[in-house]
Amino acid sequence: MTKKPAEGEMEAVYASMGISREVYQYGEKTLQELKGRFEAIDRIAEYNQLKVVKAMQECRVSEACLLGTTGYGYNDLGRDTLEDVYARLFCAQAALVRPQITCGTHALALALMSNLRPGDELLSPVGKPYDTLEEVIGIRESRGSLKEYGIRYRQVDLKEDGSFDWEGIRAAVNEKTRLVTIQRSKGYQTRPTLSVERIGELISFLKGIKPGLICMVDNCYGEFTQTVEPTQVGADLCVGSLIKNPGGGLAPTGGYLVGRQDCVENAACRLTSPGLGREVGASLNALPSFYQGLFLAPTVTASALKGAVFAANLYEKLGFRVVPNGSCERYDIIQAVEFGTPEGLIAFCEGIQYAAPVDGFVTPQPWDMPGYDSQVIMAAGAFVSGSSIELSADGPLRPPYAAYFQGGLTWQHAKFGILKSLQRCLDKGVVPVIPRSLL
Ligand SMILES: *Cc1c(COP(=O)(O)O)cnc(C)c1O
């Protein structure tokens, strides 16, 4: 049998990293109650790991696929095969997976701008979309928005209890409605994250009203949190970022679209040029990290999910409001902890930063970030700049002073980061003491 480190040895290594005995023990106590949850997360990862390997094998991924192209990028075997892998993995007809897609917002903008035409209407039946999409759509005035091209936008909010407003949605669909955007993750809002099952119900309802609708899902932060993806329940397009879940922490940049052939072709012609479409776009040196990142993505996502569940339970028992709560099922990797004070939010983010393998020695400062009406603090000591599948946290300095926490390439690192945040909160008096009853 492999010998475990002795308890004293563990405590000592944590102590050498600034974690006190009581914080360590509180963490262990909390973990004991989460065994069942973690087992379920591991089973999802196991299922998804096989799904990924199966798709790679069926697409005959070979060593030659790891070589990139330069210049125009004609006949890029690795790029084209990777797109086949994504399509197969998502049970879809086609995919566009490119380093030239600069981020998630770009991928979403591409999907919208290429599949909508002047005079069309875009509908969000799940309330306000992610912040950066406001400028893409033209909800906030901006250069080059859909609005400038004569594409209108309609929104139906979720009901108070988080359910769909079926009547409102029925009334909003009209002869101009062409594309429906459905955001899977709550992002930085307080509404519930949508499970793939709920997305499926919504799509069935929408297509029942108007069969020709293009249903697009913003899949950011949701990939591999369940065993099915939205394309398996009727989504015509699924869109996301490679520096979140599906890049597995290795992809240095990029975005993806996967879905119906014609929708993906439209996006390709917009990304490159009409007439060229998917045929051009050199993959340069990105392919090994795209393939290997996708291979690791199921377990990396599981690590991030465990971190989110652990943080929720650790802080909830100390009396903080956490969204989602400690026992909620998870469909994305984001965890919010409300501190109620700026000191709490700042201490939390400092702790996360001090746990980072890169820039772990710096102290994050609140700053006036463009586009925000209050200061924002961010903790990110990442190998890939801005990567939020790596352990990271941020939050605006305004009530309720919520820290949004996500990522962790390994569960062990996520755990350390969360313990470090709690330690910082104790050291700063944000958490006066861990009650004996919890130890
Ligand atoms: C991150 C995110 C985006 C935008 O992605 P960026 O890569 O930051 O541009 C869009 N929607 C959701 C739900 C996200 O989480």
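Asks: Any chance you could explain unusual backbone geometry here in plain terms?
Replies: With the exception of glycine, the majority of residues adopt a negative phi angle, and the majority of peptide bonds are in the trans configuration. That bond from Val323 to Pro324 is cis: its omega, -5°, falls within 30 degrees of zero. Within the secondary structure layout, Pro324 lies in the loop between strand S8 (321–323) and strand S9 (335–338). With an omega dihedral of 5°, the bond running from Pro399 to Pro400 counts as a cis peptide bond. Relative to the helices and strands, Pro400 resides in the loop between strand S11 (392–396) and strand S12 (402–406). Notably, Phe224 is not glycine yet its phi reads approximately 65°, a positive angle. On the secondary structure map, Phe224 appears in the loop between strand S5 (214–218) and strand S6 (237–241). By relative accessible area, Phe224 is classed as buried at 3%. Non-glycine residue Leu284 carries a positive phi angle of around 50°.

Asks: I keep staring at the domain arrangement of the protein chain and nothing clicks. Help me out?
Replies: Split by domain assignment, the protein chain resolves into domain 1 (7–47 + 295–438) and domain 2 (68–287). At the interface, 28 residues of domain 1 touch 27 residues of domain 2. Across the domain 1 to domain 2 interface the summed buried area is about 2,200 Å²; carbon plus sulfur atoms make up 64%. Considering only the side of domain 1, the residues that lose the most area to domain 2 are Tyr331, Asp332 and Ile334, jointly responsible for 26% of the buried surface there. Our count for the domain 1 to domain 2 interface comes out at one salt bridge.

Asks: Help me out: how do you make sense of helix H2 (residues 21–32) in this one?
Replies: Turn by turn, an α-helix covers 3.6 residues, leaving residues three or four places apart pointing in a common direction. Over its 12 residues, H2 runs 17 Å from end to end, which matches the ideal 16 Å to within 8%, given 1.5 Å per residue. For H2, the full list of buried residues reads Val23, Tyr24, Tyr26, Gly27, Thr30 and Leu31. Here the buried residues of H2 occupy an arc of 165° about the axis, which is enough to place them on one side. Every exposed residue of H2 that faces more than 90 degrees away from the buried side is listed here: Arg21 and Gln32. Each element contacted by the buried residues of H2 is listed here: helix H1 (7–16), helix H3 (35–58), helix H10 (287–316) and helix H12 (411–427).

Asks: Help me out: how do you make sense of the pattern of salt bridges in this one?
Replies: Note that side chains of opposite charge can pair when their charged atoms are close. This model, assessed by the stated rule, comprises 25 salt bridges. One salt bridge connects Glu134 with Arg140, and the closest N-O pair in it is separated by 2.9 Å. Residue classification places Glu134 among the buried residues on the basis of a relative accessible area of 12%. The residue Lys207 makes a salt bridge to Asp236 at a minimum N-O spacing of 2.7 Å. Of the two residues, Lys207 is situated in helix H8 (residues 196–209) and Asp236 in the loop between S5 and S6; the sequence distance between them amounts to 29 residues. Exposure remark for Asp236: the relative accessible area of 6% places this residue in the buried category. Overlapping salt bridges bring together Lys128, Asp131, Glu134, Glu135 and Arg140 as one network.

Parameters at a glance
Residues numbered from 1 in each chain as written. Predicted model: local features only at pLDDT ≥ 70, side-chain atom pairs only at ≥ 80, totals over all residues. Heavy atoms only, no water. Helix = DSSP H or I, 4+ residues; strand = E, 2+ residues; numbered from the N terminus. Buried < 20%, exposed > 50% of the residue type's maximum accessible area, 1.4 Å probe, protein only. Domains from an automatic or database assignment. Contact = heavy atoms within 4.5 Å. Buried area = accessible area lost by both parts, 1.4 Å probe. Salt bridge = Lys/Arg side-chain N within 4 Å of Asp/Glu carboxyl O. Expected span 1.5 Å × (residues − 1). Arc of directions from axis to C-beta.

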